[in-house]
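Spelled out from the first residue to the last, the chains are:
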Amino acid sequence: MKSLEKRQQHSKLLSLVLRHQPENIGIQLDSEGWTDVHILLQQLIKYKRPLSLIELTEIVETSDKKRFQFSLDQSKIRAVQGHSSAQVKRAYTATPPPETLFHGTATRFVNSILDQGLISGERHHVHLSTDQTTAVKVGQRHGKVIIFQIDTQKMHQDGYHFYQAENGVWLTEHVPAKYLQQLAQSTNH
Ligand code: HQG
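Predicted model, so just to flag it, every value in this text is computed and none were measured. (Residues numbered from 1 in each chain as written. Predicted model: local features only at pLDDT ≥ 70, side-chain atom pairs only at ≥ 80, totals over all residues. Heavy atoms only, no water.)

### Concerning the site of the ligand
Within the structure, the ligand sits among 17 residues, and Lys 65, His 103, Thr 105, Ser 112 and His 142 are positioned closest to it. Arg 141 is positioned such that a nitrogen or oxygen atom in its side chain is 2.9 Å from an oxygen atom of the ligand. Within the side chain of His 142, an N or O atom sits 2.7 Å from an oxygen atom of the ligand. Summarising the interface, the protein chains cover 84% of the accessible area of the ligand, which totals 790 Å² for the free molecule. Of all the secondary structure elements, the ones that give two or more residues to the shell around the ligand are strand E4 (100-106), helix H4 (110-116) and strand E5 (118-119). Among the elements that make up the shell around the ligand, the one with the highest residue count is H4 (three residues). In the shell around the ligand, the residues fall into five nonpolar, seven polar and five charged. Per-domain counts for the shell around the ligand show at least three residues from each of domain 1 (2-79) and domain 2 (100-182). (Near = heavy atom within 4 Å. Polar contact = N/O pair within 3.5 Å; in protein donor to acceptor, adjacent residues only side chain to side chain. Areas by Shrake-Rupley, 256 points an atom, 1.4 Å probe, with all protein chains shown as cover. Helix = DSSP H or I, 4+ residues; strand = E, 2+ residues; numbered from the N terminus. Nonpolar A, V, L, I, M, F, W, Y, C, P; charged D, E, K, R; others polar. Domains from an automatic or database assignment.)

Pasting the structure below:
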C-alpha cells in the first residue's frame, strides 16, 4: 500500500479511537483526551493495525487540520477537538470569538437547523470556522453544501461561550437559529 494512503487510513483510525470509540482498541482517554502513546501503539499491534512511533509522529505532524497533539514530554497523545466519547470532558477556556464565524453543512439539514439551531449531535460541540473556504470543505462531507454565517458578536454579548481548540477550530455548545444567516449558495461548489 502506498504510504500516503496508509497514513490516511491510520489517521482515520486515530480519529475514531482518540475522539469516539477508544474502547474499540481497549484504550482509555482521560478527561482532557490524553492517552498513553506506548499503550496506544501496543493496542494497535494487538488489534492488527500496527504503527511505529515514527509513523505516528508523521501522522501528527502532517495532519492537515492538526487534529492530534503530543504532550510536551511526548508520552501522551490526544485529538484536540471533535470528541464524542463520554470519557472526555475537555475544559477549554472560554474565549471571546471573532465577530463572525461560519458553519458549512448540507442543504438537507437546513430546515431542521432553522428549527433547532445548530446542535452538537453526537459530538460535544458545534464546530465553527473563521473562513468560508473551510466551512465549504466541512459541509461538502455531508452533501450539497450550504454555509451559515453566525453572529458570534451578538451571541457573545448575550452570554454564550466560545472556545478555540489548539488547532484553531472554534467550538460552542449550541447556536440558536436567530443568530444564523444562510449565505447565498455559490455555483462554484
Ligand atoms: C448538522 C471534521 C440537523 C451539522 C470537520 C453537520 C469539522 C444539524 C452535522 C468537524 C443540526 C454533524 C465537525 C440540526 C447541526 N439539524 N442537522 N439542528 N445542527 N446539524 O461531522 O460540523 O476532518 O458531527 O451541520 O472538518 O460537519 O474529522 O459535524 O452537518 O471540523 O477533523 O449535523 O469534523 O473534522 O456532523 O464537522 P459532524 P461537522 P475532521
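### Things to note about the sheet that holds strand E9 (residues 170-172)
By definition, the strands of a sheet pair up through backbone hydrogen bonds, in either a parallel or an antiparallel sense. If you trace the three strands from one edge of the open sheet to the other, you get E6-E9-E8, paired in antiparallel fashion. One side of each edge strand has no neighbouring strand; the edge strands of this open sheet are strand E6 (126-128) and strand E8 (163-164). For E8 and E9, the ladder comprises two bridges, and the chain directions are antiparallel. Across the sheet, the residue bridging to Gln 164 is Trp 170, located in E9. (Pairing = 2+ DSSP bridges.)

### Examining helix H2 (residues 37-46)
Every α-helical turn comprises 3.6 residues, leaving residues that sit three or four positions apart pointing alike. Restricting attention to buried positions, one finds in H2 the residues Val 37, Leu 40, Leu 41, Gln 43 and Leu 44. Take H2 and look down its axis: the buried residues cluster within an arc of 165 degrees, on one side only. Projecting away from the buried face of H2 at angles above 90 degrees are the exposed residues His 38, Gln 42, Ile 45 and Lys 46. Contacts made by the buried residues of H2 are with helix H1 (3-20), strand E1 (35-36), helix H3 (53-62), strand E2 (68-70) and strand E3 (76-79). Measuring from the backbone nitrogen of His 38 back to the side-chain oxygen at the start of H2 gives 3.0 Å, which picks out Asp 36 as the cap. Positive phi shows up at Lys 48, right after H2, with a value of about 60 degrees. (Buried < 20%, exposed > 50% of the residue type's maximum accessible area, 1.4 Å probe, protein only. Arc of directions from axis to C-beta. Contact = heavy atoms within 4.5 Å.)

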